[in-house]
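Coordinate inspection notes
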Amino acid sequence: MSTAMADEKMAGGKMAGGKMAGGKKAGGKKVIENAYVVTVSGDEHPGGHIVIDGDRIAAVGPGPAPRVDGAERIDGTGCLATPGLVNTHHHLYQWAAQGMAVDGTLFEWLVASYRVWARMDAEVVRDAATAGLGWLALSGCTTTTDHHYVFPKGRGDLFAAEIEAAAEIGVRFHPCRGSMDRGRSDGGLPPDEVVENLDTVLAETEAAIDRHHDASPGSMLRVAVAPCSPFSVSKELLVAAAELARAKGVRLHTHLAETLDEEEHTKRHFGMTPVEYMDSIGWLGGDVWLAHCVHLHDSDIARLAGTGTGVAHCPSSNARLGAGIARVAHLLEAGAPVGLGVDGAASAELVPLAGELRQAIYMQRARYGPTALTARQALEMATLGGARCLGRQDELGALEPGRLADVALWRVDGFHAAVDDPVVALAFGQTPPLARLLVGGRTVVADGELVTVAQDAAARRGADAHRRLMRLAEEVL
């Protein structure tokens, strides 16, 4: 590790008052030069440069970089520079429960998994999140959400555990305080020991927002309100959660329209499609993003686009569970915000976020033809589209002066150099190695290795979390 990287490690990612610290001093000054720079929002600069001052981009352009006194110079020869990728849907605790119900449908997989998840504790969550977040960073992710909705009683502060892991890895984090209030005794899928009553959900969610949410510019940590899904959550909780989120000025997230079973459920109980149901209770809007949205009608797509409701597209998970192929091409055509997500590691084992570009492209083309989704559209979904879902399109998702210095520098020389277009080389083939990953100007990955934590140790923690969870589950199975 270089002296500059060591200094960054000491300066960034600490906790301050329950919120992640960051800011201009952490990243210092850097100049990336001789890279193929894709701004995503507009221009592309072969042999271009990026100037970074602290946690912000100061300049982007073609040709040699200007002289910047005291700056670390990064040679981007043979590299593609893109905005850091944004992961819009995840379940980090599931790193500890990979490889279960590998041939099951969503509901079969959930029934098999809940009995194991019910035994997780804060130690499992912290170590699983450390491995999962490290894996994301190694695939170019600088900002990630997490949807944590399983809270077994008496197992520690699970929400704080994953926030601590994100601070350690050094990624920008948008954890979603999830919830379920319909257990098996009320006709739901999850065991009763992992559901909460309405008053508890609202109190704990408000406390999580008050303790952790940082709304300031350049924030490393923002909290969202995220009841699990229409089939595991009561209407009363959905309505109250939306009221709480809007009173607190935070965003809303949930799963929606992932399977045909869910559509049958909402039609049987409410006489509406899942989108119509959520619309009827005030759950569509520019402060909402929804995971999956695989099974949509034309009217649903129009309504999502018209309200500015975001969609987190998780192609690998949807394929793994046999849920179907989301109508992403139609959502984009209608103007809906669409981002990419890897979903939980237990429904998309070891999937890298960068790999979802190819998966999204190929699945749309398999369904709608070879012009359905381009490499640049997929990259935009993974960056600016994700930023739109999180309400951070003015700070993230593009390489422009004034935006946060979240930058991925991909090696597209070597074998990848056989493809003339570096964006196609990134999106179509095996993910290129990372030369550098910067979050707010601070190095998180260098030459394909995590530098904020010991990479081998992070991997071991993920394996240990799996073994611990399996032992805990065996105690009651």
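This one's a predicted model, so the numbers in the text were calculated from it and none came from an experiment.

Calculation notes
Residues numbered from 1 in each chain as written. Predicted model: local features only at pLDDT ≥ 70, side-chain atom pairs only at ≥ 80, totals over all residues. Heavy atoms only, no water. 1 Å grid on protein atoms, 1.4 Å probe; cavity = no way out; pocket = protein on both sides within 12 Å on 5 of 7 lines; lining within 4 Å. Points joined across faces, edges and corners; volume = space filled by probe spheres on them. Helix = DSSP H or I, 4+ residues; strand = E, 2+ residues; numbered from the N terminus. Core = buried A, V, L, I, M, F, W, Y, C linked by side-chain atoms within 4.5 Å. Buried < 20%, exposed > 50% of the residue type's maximum accessible area, 1.4 Å probe, protein only. Phe/Tyr/Trp six-rings, centres within 6.5 Å; stacked < 30°, edge-to-face > 60°. Lys NZ or Arg CZ within 6 Å of the ring centre and 35° of its normal. Salt bridge = Lys/Arg side-chain N within 4 Å of Asp/Glu carboxyl O. UniProt positions renumbered as here; feature names shortened; annotations may be inferred. Contact = heavy atoms within 4.5 Å.

1. Quick look at empty space enclosed by the protein
Under the criterion given, the structure shown has 3 cavities of 30 Å³ or more. One number sums up the size of the largest cavity: a volume of about 140 Å³. Around the largest cavity, the lining is made up of 18 residues, and of these Leu106, Leu110, Tyr149, His255 and Glu258 lie nearest the centre. The biggest single contributor to the lining of the largest cavity is helix α3 (residues 106-117), with 4 residues.

2. Details of the nonpolar core
Among the nonpolar cores identified, the biggest contains 120 residues, and Trp117, Met120, Leu133, Tyr149, Val150, Leu304 and Leu357 are the most heavily contacted of them. If you tally residues by element for this core, the top one is helix α4 (residues 122-138), at 9 residues. The next biggest cluster of nonpolar side chains, apart from the first, holds 15 residues, and it includes Ala35, Ile52, Ala405 and Val407.

3. Points about the environment of Thr105
Tracing the sequence through the fold places Thr105 in the loop between β8 (85-87) and α3. Between the alpha carbons of Thr105 and Met470 there is a distance of 22 Å; along the sequence they are 365 residues apart.

4. Comments concerning the packing of aromatic side chains
One pass over the full model with this rule turns up 8 aromatic pairs. Between Tyr93 and Tyr149, the ring centres sit 6.5 Å apart and the planes meet at 85°, which makes this aromatic pair edge-to-face. Here Tyr93 is found in the loop between β8 and α3, whereas its partner Tyr149 is found in the loop between β9 (141-148) and α5 (158-169), with 56 residues between them in sequence. Tyr149 shares its class with Tyr93; the two are buried. Where Tyr362 meets Phe428, the ring centres are 6.0 Å apart and the plane angle is 75°; that geometry is what we call edge-to-face. Of this pair, Tyr362 sits in helix α13 (residues 355-368) while Phe428 is found in helix α15 (residues 422-428), placing the two residues 66 residues apart along the sequence. By relative accessible area, Tyr362 is classed as partly exposed at 40%. Within the aromatic cluster, the residues linked to one another by ring pairs are Tyr93, Trp109, Tyr114, Trp117 and Tyr149. Above the face of the Phe151 ring, Arg177 is positioned so that its terminal group lies 3.8 Å from the ring centre.

5. Remarks on the pattern of salt bridges
Note that side chains of opposite charge can pair when their charged atoms are close. One pass over the structure, following the stated rule, counts 29 salt bridges. Its salt-bridge partner being Arg56, residue Glu395 comes within 3.0 Å of it at the nearest N-O pair. Residue Glu395 is located in the loop between α14 (375-389) and β16 (407-411), and its partner Arg56 is located in strand β5 (residues 56-61); the two are separated by 339 residues in the primary sequence. Salt-bridge contacts for Asp406 lead to Arg172; the nearest nitrogen and oxygen are separated by 2.8 Å. Remark: Arg172 occurs in strand β10 (residues 172-179) and Asp406 occurs in the loop between α14 and β16; sequence separation between them is 234 residues. The same class applies to Asp406 as to Arg172, namely buried. Residues joined in a network through salt bridges with shared partners are Asp55, Arg56, Arg222, Arg392 and Glu395.

6. Considerations on the UniProt feature "domain: Amidohydrolase-related" (unreviewed entry) in the chain
What UniProt calls "domain: Amidohydrolase-related" (unreviewed entry) maps, in this numbering, to residues 81-416. With 42% helix and 14% strand, residues 81-416 has its two end C-alpha atoms placed 14 Å apart.

7. Describing the environment of Ile57
Residue placement: Ile57 occurs in strand β5. A relative accessible area of 2% means that Ile57 is categorised as buried. In this structure, the C-alpha to C-alpha distance between Ile57 and Asp406, residues 349 residues apart in sequence, is 8.6 Å. With sequence-adjacent residues up to four places away left out, Ile57 is seen in contact with Ile50, Val51, Ala398, Leu399, Glu400, Pro401, Gly402, Arg403, Leu404 and Ala405.

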